[in-house]
Amino acid sequence: MASLPAENPELIERLRDPATVAAAFADVIDIYTEPLYWQIRRMVQSHDDTNDLLQNTFMKAWQSIENFRGDARLSTWLYKIAINEAITFLARERRRANISIDDQESALVATIAADEYVDGNDLAVKLRQAVAQLPEKQRLVFNMKYYDDMKYEDMSSILGTSVGALKASYHLAVKKIENIFKISD
Amino acid sequence: MNNNKNILEGANHDDGMTVPPCYFADFKQKMAQSLPARPELQAPVVAPRSRWQRLRPYVYLAAMFGGIWCMLKLFTMLTTTSATPLESNPVIAEALANDQFVNEYVISDLSQWDLYDEFIDSGIYPDSLCCGDLSNL
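Parameters and conventions
- Residues numbered from 1 in each chain as written.
- Chains lettered and ligands numbered in written order.
- Predicted model: local features only at pLDDT ≥ 70, side-chain atom pairs only at ≥ 80, totals over all residues.
- Helix = DSSP H or I, 4+ residues; strand = E, 2+ residues; numbered from the N terminus.
- Buried ≥ 20, exposed ≤ 12 C-beta atoms within 10 Å, placed from the backbone.
- Contact = placed C-beta atoms within 7 Å.
- Axes fitted to C-alpha atoms, helices over the stretch in contact; angles between N-to-C directions.
- Parallel < 35°, antiparallel > 145°, perpendicular 65-115°, else oblique.
- Left-handed = near helix turned anticlockwise from the far one by under 90°.
- Nonpolar A, V, L, I, M, F, W, Y, C, P; charged D, E, K, R; others polar.
- Expected span 1.5 Å × (residues − 1).
- Core = buried A, V, L, I, M, F, W, Y, C linked by C-beta atoms within 7 Å.
- pLDDT = per-residue confidence, 0-100.

Here we come to the overall build of chain B. If you tally the helices and strands in chain B, you get 6 helices and 0 strands. Its helices and strands taken in sequence order, chain B reads α-α-α-α-α-α from the N to the C terminus. Taking all 137 residues of chain B together, 4% fall into the buried category.

Encoded structure:
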């Protein structure tokens, strides 16, 4: 669960070269599968949904690889696709089940409780359930900062939000989590 | 408050989530294999050019200059009068070589004064002529 993988200029060059793009993209999958998986999983909670969304993320990246010109970092570009996939999925699920955002937060808490892929750390599960009750944007910011230890500058380029707003958002998220634990006590 | 802060510290940045065994290795392998082919990403293959394809631009260029030259030649022939001297015309040259023709058609055009001058130039003076008095002319 590391921060953004380091940028590899040689990999970028290979992605730009039509002769090596396919092999280079296999390397991209190799490098980014884990960080993107955790990023999506912390948003949608379910392993199966995460698996589908991760496939969609790589498929979309592959379909539009010619649009990646190296202006942005590769990791930023992939994270944006992954986060968009996760947010779109959550919105689609809300429409499909005809539920509000609050109801969806409850559904996520229930999904966490029923999650079979956990390591038995109860405190971690409780924290996940608390995080799942945060608004979507705050949840994203909290996940990136607390779990991934991502720099605010990197988060800013992925989420398109100023560093100041992200700091405020993280601070609010921590406060809300503290309140949730207070109430549950 | 401290207790709540301890929760964040106690969780130690661990979300407690796991994945099925060998999930990432399998996913990477399956994902790389399932990527659809993107032939449009490949550099276009340039077929070797035939000799005619290589020469064609030069042939077209030569044909164009040839056409321009022909047009100029045609315009010149249409717009300029013949600069050939009369003497070069074989019909006229033959006629001029004929003394009778000259006498009848060329010299007959001479006035008497021209004839007089011709005589003087030739060393024939009026006085030496037996016929007529040319001094009164």
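Now for the overall build of chain A. The helix and strand inventory of chain A stands at 9 helices and 0 strands. Put simply, chain A runs from its N terminus to its C terminus through helices and strands in the order α-α-α-α-α-α-α-α-α. In chain A, the proportion of contacts linking residues at least 24 apart, taken out of those at least 6 apart, comes to 64%.

A word on the packing of helix H5 (residues 101–113) of chain A against helix H6 (residues 122–132) of chain A. Residue and element names in this part refer to chain A. Viewed as axis vectors pointing N to C, H5 and H6 meet at an angle of 165°, and their least axial separation amounts to 8 Å. The orientation of H5 with respect to H6, classified from their angle, is roughly antiparallel. Between H5 and H6 lies a crossing of right-handed hand. Each of Glu105, Leu108, Val109 and Ile112 in H5 lies in contact with H6, whose residues at this interface are Val125, Arg128, Gln129 and Ala132. Its residues assigned to classes, the contact of H5 with H6 shows 5 nonpolar, 1 polar and 2 charged.

Quick look at the interface of chain B and chain A now. With 22 residues of chain B in contact, the opposing surface of chain A contributes 31 residues. Those elements giving two or more residues to the side of chain B that touches chain A turn out to be helix H1 (2–11) and helix H2 (23–34) of chain B. Of the residues belonging to the side of chain B that touches chain A, the class tally is 13 nonpolar, 6 polar and 3 charged.

Turning our eyes to something else, we now look at helix H3 (residues 47–63) of chain A. Compared with an ideal rise of 1.5 Å per residue, which puts 17 residues at 24 Å, H3 of chain A spans 24 Å between its outermost C-alpha atoms and is within 8% of the ideal. Turning to H3 of chain A, its buried residues number three or more, namely Thr50, Leu53, Leu54, Thr57, Phe58, Ala61 and Trp62 of chain A. Contacts made by the buried residues of H3 of chain A are with helix H2 (21–44) and helix H4 (74–97) of chain A together with H2 of chain B.

Residues and elements named next belong to chain A. Counting residues in hydrophobic clusters, the biggest one holds 46 residues, and the most contacted among them are Leu36, Ile40, Leu78, Ala82, Ala86, Val131 and Val141. Tallying contributions element by element places H2 first for this core, with 9 residues. Residues in contact with Ala82, not counting those within four places in the same chain, are Leu36, Gln39, Ile40 and Thr57.

Turning to unusual backbone geometry, a few remarks are in order. Residue and element names in this part refer to chain B. The backbone phi angle of Asn12 is positive, close to 55°, even though this residue is not glycine. If you trace the backbone, Asn12 turns up in the loop between H1 and H2. Classification of Asn12 by C-beta neighbours within 10 Å gives exposed; the count is 9. Even without being a glycine, Cys22 presents a positive backbone phi close to 60°. Given 9 C-beta atoms within a 10 Å radius, Cys22 is considered exposed.

Attention shifts here to the environment of Ala107 of chain A. In this structure, Ala107 of chain A sits in helix H5. Owing to 17 C-beta atoms within 10 Å, Ala107 of chain A belongs among the partly exposed residues under this scheme.

Attention shifts here to the environment of Lys167 of chain A. Residues and elements named next belong to chain A. Positionally, Lys167 belongs in helix H9 (residues 163–184). When the 14 C-beta atoms within 10 Å are taken as the criterion, Lys167 is described as partly exposed. Residues Lys167 and Tyr152 lie 15 residues apart in sequence; the distance between their C-alpha atoms is 7.5 Å.

Once that is clear, we can look at the confidence of the model for chain B. Caution applies to low-pLDDT regions: their predicted coordinates should not be interpreted in detail. Residues and elements named next belong to chain B. Mean pLDDT for chain B: 80, with 78% of residues reaching 70 or above. Mean pLDDT per element in chain B: H1 is the minimum at 71, and H2 is the maximum at 94. Interface predicted TM-score (ipTM) for the complex: 0.87; the corresponding pTM is 0.68.

Here we take up the packing of helix H8 (residues 152–159) of chain A against H9 of chain A. Residues and elements named next belong to chain A. Their axes nearest at 9 Å, the elements H8 and H9 cross at an angle of 105°. With respect to H9, the element H8 is oriented roughly perpendicular. Across from Tyr152, Glu153, Met155 and Ser156 in H8, the residues of H9 making contact are Val163, Leu166 and Lys167.

Its place among the elements puts Ser46 of chain A in the loop between H2 and H3. For the pair Ser46 of chain A and Thr111 of chain A, spaced 65 residues apart in the sequence, the C-alpha separation amounts to 6.7 Å.

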